[in-house]
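So the chains spell out like this:
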Amino acid sequence: MRQVWLIAWHGFISHVTSRAFMFGLLLLPLYMLIGGAAPTASQAPLDALGGSIRHFAVVDKTGVMLPAIDAALERDVTARGLLVLSAYAEENAEAEKLRDERPDLAALLLDGDAFSEASIDAIEARGGVSQTFVELRPYLKPDSPNFIAPIRRFFRVDLPEGIGDSDDMLAAAEPYLSADKLIPGPYGAVSLWAILFIPKDFLEGKANATYVTDDTNRVFLREVLRQALDGELKRREAETLGVPVDTTQKVLTTAGRIETLDPDPDRLGALSHMRQLNVIGAVVVYLMLFMAVFMTANMVVMALVEEKSNRVAELLLSCVKAETLMAGKLFTGLLLALLLVGVWAGSALLSVDALFPTAKVIVENLTESLKNPAQLLMLFVFFSLAYLTVGSFFLAAGSAATSITDAQAIVAPATMISLPIFMLPIAVAYDPMGPLARFASYLPVFAPFTMMVRSLSVPEGIDILGALVVSVLTLWWMIRLVARVFRANLLRPDSSSTFLGFLRDLFGRRKPT
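Each value, and the rule that gives it
- Residues numbered from 1 in each chain as written.
- Predicted model: local features only at pLDDT ≥ 70, side-chain atom pairs only at ≥ 80, totals over all residues.
- Heavy atoms only, no water.
- Helix = DSSP H or I, 4+ residues; strand = E, 2+ residues; numbered from the N terminus.
- Buried < 20%, exposed > 50% of the residue type's maximum accessible area, 1.4 Å probe, protein only.
- Contact = heavy atoms within 4.5 Å.
- Areas by Shrake-Rupley, 256 points an atom, 1.4 Å probe, with all protein chains shown as cover.
- Phe/Tyr/Trp six-rings, centres within 6.5 Å; stacked < 30°, edge-to-face > 60°.
- Lys NZ or Arg CZ within 6 Å of the ring centre and 35° of its normal.
- Pairing = 2+ DSSP bridges.
- Axes fitted to C-alpha atoms, helices over the stretch in contact; angles between N-to-C directions.
- Polar contact = N/O pair within 3.5 Å; in protein donor to acceptor, adjacent residues only side chain to side chain.
- Left-handed = near helix turned anticlockwise from the far one by under 90°.
- Salt bridge = Lys/Arg side-chain N within 4 Å of Asp/Glu carboxyl O.
- Core = buried A, V, L, I, M, F, W, Y, C linked by side-chain atoms within 4.5 Å.
- Patch = residues over 30% accessible without salt bridge, like charges linked within 9 Å, V, L, I, M, F, W, Y side chains within 5 Å.
- Expected span 1.5 Å × (residues − 1).

Enquirer: Sorry, what's going on with the overall build of the chain here?
Expert: Along its length, the chain carries 21 helices and six strands. Per-residue burial for the chain yields a buried fraction of 44% across its 513 residues. Partitioning the contacts of the chain with sequence separation of at least 6, the portion at a separation of at least 24 is 74%. Carbon and sulfur atoms make up 62% of the accessible area of the chain, which amounts to about 27,800 Å² in all.

What follows is the structure, encoded as structure tokens:
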């Protein structure tokens, strides 16, 4: 055993100090840096022009529509704030205490329909989102995060002089809509997202309003403006018909609520928000572990091929058994894989706040799932079994090659064959307690990969034991199978092989030539 660890440690140090491994080690953090910083950098010019905040102008020839439009913009802020506050209350409020002491507030934030017009009216009657949050604050759980209300997304700005009265308004406005020219905004120069032109005969229904924009695919602003115009037209029509103002307002604000229920929340259907986070987190962790397994397996294979071509392998075989050398190489790869996972996971934890703030909740959900030492141990055990199973196969394949080119010709088909092993656990992530997950937990080769995903949930003890037995027996069978091939190929340093030849060596005995 001492010889195994000496070989493993020597190989580990050799790889860790190599440029190729350092590149692989820093590859994921580099991708994270680019993925996090590049959108921020590209968004900076957009932020200067308004970013996701849309600035628009209105040319109102009727002279009466601007108050309705401004009121609709305020209502949009309240509606979006209600959605965020309801989700915040559901996550952070002490529900029972809130329902007992403030049933009206609980009915609005916990048990109501945040999309209902009646709910928006109710929160406006309370003084808005900020005042409602003040009422909610005494019922928050200890250490609740700060509540961040959404900012206004639509701002009405004034057009430069001459555009509204131009004979060809489209041509006059085009440089502003395409951001070639900027106009004064509430906080500096901004680009113009859209122009709403309301003709003088719009109130009589003799002419249509015109919405002019350089982006016709994003219709959120247009819909807010349409609802404002429709509401004002209805009020004026009711006034013309002699309907009292109070009655008109009551009719326009009448709305019902729809309660949303999931009859079986544990059954896979349309994924809830929390289940989406669980799936995303499980897939991300699995991809990271899978990449570590195959990257380090390929590194060890290429190092073995180089040792074989330089006849260093023959020198090693004069000192130790082939099985000892193979075990040392396998543990070298396992140590490298664990180092990769540690660095990648650490990079993700340290950078998520700065580079991926929206993904922070996924990381928090993962760390919460892995607080149990038993789950961490289970993840480590099955990750090690997965690596040793795949690594032994790759190591035997690499031993059949005498050059990097031969190794690539043999390892590439082996990688393609392993793709089903990669795909199945991703499907398992959507329902880690379902029948497919339980079935895959007992499949040889697939079992440790499946259990890496299921380790993030709480699988049944019988499944853990069964998967462990299957994985250990598969590894034992694989090592016995490849040890003979590994030993024979190392003693044929001048022979060449193909992938089919390797399979014949693995599952049968090649006839002597």
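Enquirer: Explanation requested: the packing of aromatic side chains in the structure shown.
Expert: Scanning all chains against the criterion turns up three aromatic pairs. Over the face of the ring belonging to Trp193 we find Arg54, whose NZ or CZ atom lies 4.0 Å from the ring centre. Looking at Arg152, its charged tip hangs above the ring of Phe155, at a distance of 5.6 Å from the centre.

Enquirer: Help me understand the sheet that holds strand E5 (residues 194–198), please; the structure alone is not making it clear to me.
Expert: Pairing between the strands of a sheet comes from backbone hydrogen bonds, and it takes one of two forms, parallel or antiparallel. Across the sheet, which stays open at both edges, the four strands sit in the order E2-E1-E5-E6 with mixed pairing between neighbours. Both outer strands of the open sheet, strand E2 (154–156) and strand E6 (210–213), are each paired with one neighbouring strand and no more. Adjacent strand axes in the sheet meet at a mean angle of 25°, parallel and antiparallel pairs treated alike. For E5 and E6, the ladder comprises four bridges, and the chain directions are antiparallel.

Enquirer: Sorry, what's going on with helix H6 (residues 117–125) here?
Expert: Helical geometry note: an α-helix holds 3.6 residues per turn, so side chains three or four residues apart project in the same direction. For H6, the set of buried residues is Ala118, Ser119, Ile120 and Ile123. The inward-facing, buried residues of H6 contact helix H3 (66–92), helix H5 (103–109) and helix H7 (129–136). Its side-chain oxygen placed 3.1 Å from the backbone nitrogen of Ala118, Ser116 serves as the N-cap of H6. One or two positions beyond H6, positive phi appears at Gly127, with a value near 105°.

Enquirer: For this particular structure, what's the right way to read the pairing of E5?
Expert: Residues in a regular strand project their side chains so that they alternate between the two faces of the sheet. Within E5, four of the five residues are buried, which leaves the element mostly enclosed by the surrounding structure. Bridge analysis of strand E1 (residues 54–60) against E5 gives five bridges, and the strand direction is parallel. Counterpart to Asp60 in the pairing with E5 is Ile198.

Enquirer: When you look at the packing of helix H17 (residues 419–429) against helix H19 (residues 446–454) in this model, what are you seeing that I'm missing?
Expert: Packed helices, taken two at a time, are described by the angle between their axes plus the distance between the axes. Where H17 contacts H19, the two axes come as close as 9 Å, and the packing angle between them is 30°. Considering how the two elements wind past one another, H17 and H19 form a crossing that is right-handed. Along its contact with H17, which presents Pro420, Ile421, Leu424, Pro425, Val428 and Ala429, the element H19 presents Phe446, Phe449, Thr450, Val453 and Arg454.

Enquirer: Quick question: what am I supposed to make of the side chain of Ser116 here?
Expert: Within the secondary structure, Ser116 is located in the loop between H5 and H6. Residue Ser116 is classed as buried on the basis of its relative accessible area, which comes to 3%. Looking at Ser116, its side chain comes within polar contact range of the main-chain nitrogen of Ala118, at 3.1 Å. Dropping the residues within four chain positions of it, Ser116 is found in contact with Ala255, Gly256 and Arg257.

Enquirer: Please explain the pattern of salt bridges as it appears in this structure.
Expert: Working definition: two side chains of opposite charge can pair if their charged atoms are close together. Enumeration according to the criterion identifies 18 salt bridges in this entry. The partner of Arg438 in a salt bridge is Asp463, with the nearest N and O atoms 2.8 Å apart. Here Arg438 is found in helix H18 (residues 435–440), whereas its partner Asp463 is found in helix H20 (residues 461–490), with 25 residues between them in sequence. What you see here is one network of salt bridges that share partners, running through Arg75, Glu117, Asp121 and Glu124.

Enquirer: Where do I start with the nonpolar core in this structure?
Expert: As a rule of thumb, soluble globular proteins bury nonpolar side chains together. By size, the foremost hydrophobic cluster in this structure holds 64 residues, and its most contacted members are Tyr286, Phe383, Phe394, Phe449 and Met452. Per-element accounting of this core gives the leading share, 16 residues, to helix H11 (residues 273–309). Setting aside its immediate chain neighbours within four residues, Met452 contacts Tyr286, Leu289, Leu379, Phe382, Phe383 and Ala386. Core analysis: the second largest hydrophobic core is formed by 21 residues, Tyr88, Leu98, Val129 and Leu140 among them.

Enquirer: Before we go on, may I ask you to explain the pairing of E1 in this structure?
Expert: When you tally the buried positions in E1, you get seven out of seven residues, the bulk of the element. Here E1 shows no split at all, with Arg54, Phe56, Val58 and Asp60 on one side and His55, Ala57 and Val59 on the other all buried. Taken together, the three bridges between E1 and E2 define a ladder with parallel strand orientation. Bridge pairing in E2 places Phe56 opposite Arg156.

Enquirer: Can you walk me through a nonpolar patch on the surface in this structure?
Expert: Together, Tyr442, Ile462, Leu465, Val469 and Leu473 make up a nonpolar patch on the protein surface, roughly 460 Å² of accessible area in all. Among the structural elements, Leu465 can be located in helix H20. The exposure class assigned to Leu465 is exposed, which follows from its relative accessible area of 51%.

Enquirer: What am I meant to see in helix H9 (residues 220–240) here?
Expert: In a regular helix each residue adds 1.5 Å, so 21 residues correspond to 30 Å; H9 covers 31 Å between its end C-alpha atoms and thus fits that length. Taken residue by residue, H9 has Leu221, Val224, Leu225, Ala228, Leu229, Gly231, Glu232 and Ala238 as its buried positions. Contacts from the buried residues of H9 go to E1, H3, E2, E5, E6 and helix H10 (245–253).

Enquirer: Which parts of the structure should I look at to understand the side chain of Thr213?
Expert: Mapped onto the elements, Thr213 comes out in strand E6. Judged by its relative accessible area of 16%, Thr213 is buried. One polar contact links the side chain of Thr213 to the main-chain carbonyl oxygen of Trp193, over a distance of 2.9 Å. Setting aside its immediate chain neighbours within four residues, Thr213 contacts Trp193 and Ala194.

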